[in-house]
Amino acid sequence: MANKAENKNLAKDATAYTRDANAAWYKKLDFDDEAEKENALRGLLEAPTALVIRGEDGHVVWNAAGYDFMKEFAKAPDTANPSLWRNTLFNSYAGLFEVCKGIYQVRGYDMANVTFIRTKNGWIVFDVLMCQEDMEEAKALMEKHFGPLKIVAVLYSHSHVDHYGGIYGLVKKEDAADAKLSLKDQLASGKVVVIAPEGFLEHAVSENIYAGSAMARRAQYQYGVHLHPGPKGKLAIGIGLGQAVGNVGLLPPTYEVTKNETLCIDGIEIQFQLTPGTEAPAEMNAYFPDYRALWLAENCTGTMHNLYTLRGAQVRDASAWAKYILEAEELFGDKTDVVFQSHNWPHWGTEIIRKYMDDTAAAYKYINDQTLHYANLGYTPVEIARMLDLPEKLARVWYIRQYYGTLNHNIKAVYQRYLGWYDANPVNLNLLTPEATGKKWAEYLGDASAVLAKARKDYEKGEYQWVAQVTKELVFADPSNQEARNLCADALEQLGYQAESGIWRNAYLTAALELRCGNHAIHAPKAGAADMKAGMTAEMMLDFINISTDAIKAQNDDFTLNLIVSDTGETFFIKRRDGVLLVHKGVKGKAADCTLTCSRMQLMGLMMVNKEVLQRISAEGDKTVPVRLIKYMTPFKTDFNIIEP
Ligand SMILES: [Zn+2]
């Protein structure tokens, strides 16, 4: 098997089919319409040259310069979808931009944008990038033009890490205001107020804890972390150039917006509109009347977004999403000169803005309701996803093209939301595993080389999806069949070259890499995990212990436990039976086997199987209980196989 470094040479050229498929995009879309390019460049104050941001240890955190290869091409190469190529070019315009007088953005310094809004005596910062290193650079660029920044408040638009993880590049922990004070007193204290939508912390933490390891491995495919930027490699993902790899922090908010309220921060009025259950479970838009400027968080982003994220996430509500965009339009549409957001570039002009919001809302509403329309006619998700296109006019709108989310996988998301994973065909109720299925196929099909010869003919005909499907069976029957792996890789690679979605391209090309070179993923603990865990409640920790426990191994090891969390005053009565923890909150059992008193941090130590903590905590009664509580926990992996058994 080849090694990963050799993959660059293994990557094939585009076939004639891929070349033609990509060329056809020039007729599908209006490439002469340059409005999005003008928006992406408007207000540019300074662009960096060869932007590479490194961590303290020298590793590359962010590499915008990696996309400089694009300058060598007058138009998209055959190995790239021209629509995605164009989006990548616009996303590579990094620098400091004026949104309007008083509002500035640093874009292209991380996947998301950081926005600076001038107040009477200082600045409000809306979203703080994903990594500290990137935030430090962005701040330095801003200070070069405006002098030292006095930060009055930080706003987190929503609970995703690319919007809060870089906080320590801007604000030190000790400079944050005291959350116990009223907002008025926080502002008067001269410290930095950190404002977020209701439920922010809970969602920021829980989304990364319960399914965190599975998501981390799957995210390697979505973000193409093992790929290099290039005409045969990684391109943009519609909401930026990709994921940064630096220090991630989580500074809890000191004030949560719990209703649509108006706040005044250092002379600047902000009208908040909560939009829960849209792109994130906790999210908000904000209107700045002094600037006639509307912040749309990630509800409108200049691309079709994900109703379902390929890294794995709970499915989002397309109908609510559309509704909140329309509500924002009703509330603020008439008095807005510019909309700006956490990814991509602003849009200016009241009429353009209304159309921008209506187009985006229409796309989500269309996906939601037409999926249900065809489901009610008896079609299954795979069928609906292959049948439906966007309506013609909507399909030609650049800022809802499918760079991040796709119509295809969003349709499946809507189906899942309303009808679940089951297509109602009982054959699919209890499928054999992929490995068992592959083995049976291999047995029925007979000689694998004869199957590959047929598959090669279909490859010559451009039937890449089918070739990938049939060779996948051979790979799952026998992962050492390198010929099958290579042909599967070739087919997926052509699909990647044709994909308009950056995350589809990354997924296809990462699969091709691993089919050719094997699984090269390394198990790396997630950056920022410590901070993230600091935000966990005792209940979340108990959940995590239970998720990590192999219940079958623990099934005959029952106990009862009174848990007292000394610093929060919480009590829990916990029963383990059948390997499962049943937790009663606020209850104390009369005859528990053991009573355990510990601080929240000690409980976390226990959760992380820290043996020293085990010795220090105070247990009365059966002292074996705390040991047995964590005895069957299995460490999770971020390097499991995906394209092979
Ligand atoms: Zn984001």
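Residues numbered from 1 in each chain as written. Predicted model: local features only at pLDDT ≥ 70, side-chain atom pairs only at ≥ 80, totals over all residues. Heavy atoms only, no water.

A. Up close: empty space enclosed by the protein. Enumeration over the complete set of coordinates arrives at 2 cavities of 30 Å³ or more. Estimated volume of the largest cavity: approximately 100 Å³. Around the largest cavity, the lining comprises 15 residues; the ones closest to its centre are Asn91, Arg107, Gly108, Asn113 and Asn344. In terms of residue class, the lining of the largest cavity is built from 8 nonpolar, 5 polar and 2 charged. In this structure, the second largest cavity is lined by Glu36, Arg86, Asn87, Phe90, Gly302, Trp345, Trp398, Tyr399 and Tyr403. Ranked by the residues each element gives to the lining of the second largest cavity, the list is headed by helix α5 (residues 82-91), at 3 residues. Class assignment for the residues of the lining of the second largest cavity results in 5 nonpolar, 2 polar and 2 charged. (1 Å grid on protein atoms, 1.4 Å probe; cavity = no way out; pocket = protein on both sides within 12 Å on 5 of 7 lines; lining within 4 Å. Points joined across faces, edges and corners; volume = space filled by probe spheres on them. Nonpolar A, V, L, I, M, F, W, Y, C, P; charged D, E, K, R; others polar. Helix = DSSP H or I, 4+ residues; strand = E, 2+ residues; numbered from the N terminus.)

B. Focus on the state of the cysteines. All chains considered together, the criterion is met by 0 disulfides. Free cysteine Cys264: the closest other cysteine sulfur is in Cys100, separated by 17 Å. (Disulfide = S-S within 2.5 Å.)

C. Local environment of the coordination of the zinc ion. For the zinc ion, the protein coordination sphere consists of Asp162 (OD), His163 (NE2), Glu298 (OE) and His343 (NE2), at 2.1 to 2.2 Å. The site at the zinc ion holds 4 donor atoms, and with the angles between them running 80 to 167°, its shape is irregular. Between consecutive donors of the zinc ion, the numbers of intervening residues give the motif D-H-x134-E-x44-H. With Asp162 in the loop between β8 (151-155) and α7 (183-188) and Glu298 in the loop between β14 (293-295) and α10 (318-332), this residue pair connects regions lying 136 residues apart in the sequence. (Donors = N, O, S within 2.8 Å, 3.2 Å for Na, K, Ca; no water. Tetrahedral: all angles 85-135°; square planar, octahedral: opposite > 155°, others 65-115°.)

D. Main features of a nonpolar patch on the surface. A cluster of nonpolar side chains, Tyr210, Ile547 and Phe636, forms an exposed patch at the surface whose accessible area comes to about 240 Å². Tracing the backbone through its elements, the reader meets Phe636 in the segment after α25 (625-631). Given a relative accessible area of 33%, Phe636 falls into the partly exposed group. (Patch = residues over 30% accessible without salt bridge, like charges linked within 9 Å, V, L, I, M, F, W, Y side chains within 5 Å. Areas by Shrake-Rupley, 256 points an atom, 1.4 Å probe, with all protein chains shown as cover. Salt bridge = Lys/Arg side-chain N within 4 Å of Asp/Glu carboxyl O. Buried < 20%, exposed > 50% of the residue type's maximum accessible area, 1.4 Å probe, protein only.)

E. The arrangement of the side chain of Glu133 in detail. Positionally, Glu133 belongs in helix α6 (residues 132-146). One buried charged residue, Glu133, remains without a salt bridge, the closest side chain of opposite sign being Arg54 at 12 Å. What Glu133 contacts, discounting residues up to four positions off in sequence, is Ile53, Arg54, Gly55, Val61, Gly246 and Asn247. (Lys, Arg positive; Asp, Glu negative; His and termini not counted. Contact = heavy atoms within 4.5 Å.)

F. Quick look at the pairing of strand β5 (residues 103-107). Among the 5 residues in β5, 5 count as buried, and that is most of the element. What you see with β5 is no split at all: Ile103, Gln105 and Arg107 on one side and Tyr104 and Val106 on the other are buried throughout. Across 5 bridges, the pairing between strand β4 (residues 95-100) and β5 is antiparallel. Bridging from a neighbouring strand, Gly95 pairs with Arg107 of β5. Pairing of β5 with strand β6 (residues 114-118), which is carried by 4 bridges, proceeds in the antiparallel orientation. Bridge pairing in β6 places Gln105 opposite Thr115. Linking two consecutive strands that pair antiparallel, namely β5 and β6, is a turn of 6 residues; a positive phi of about 80° is found at Gly108 within it. (Pairing = 2+ DSSP bridges.)

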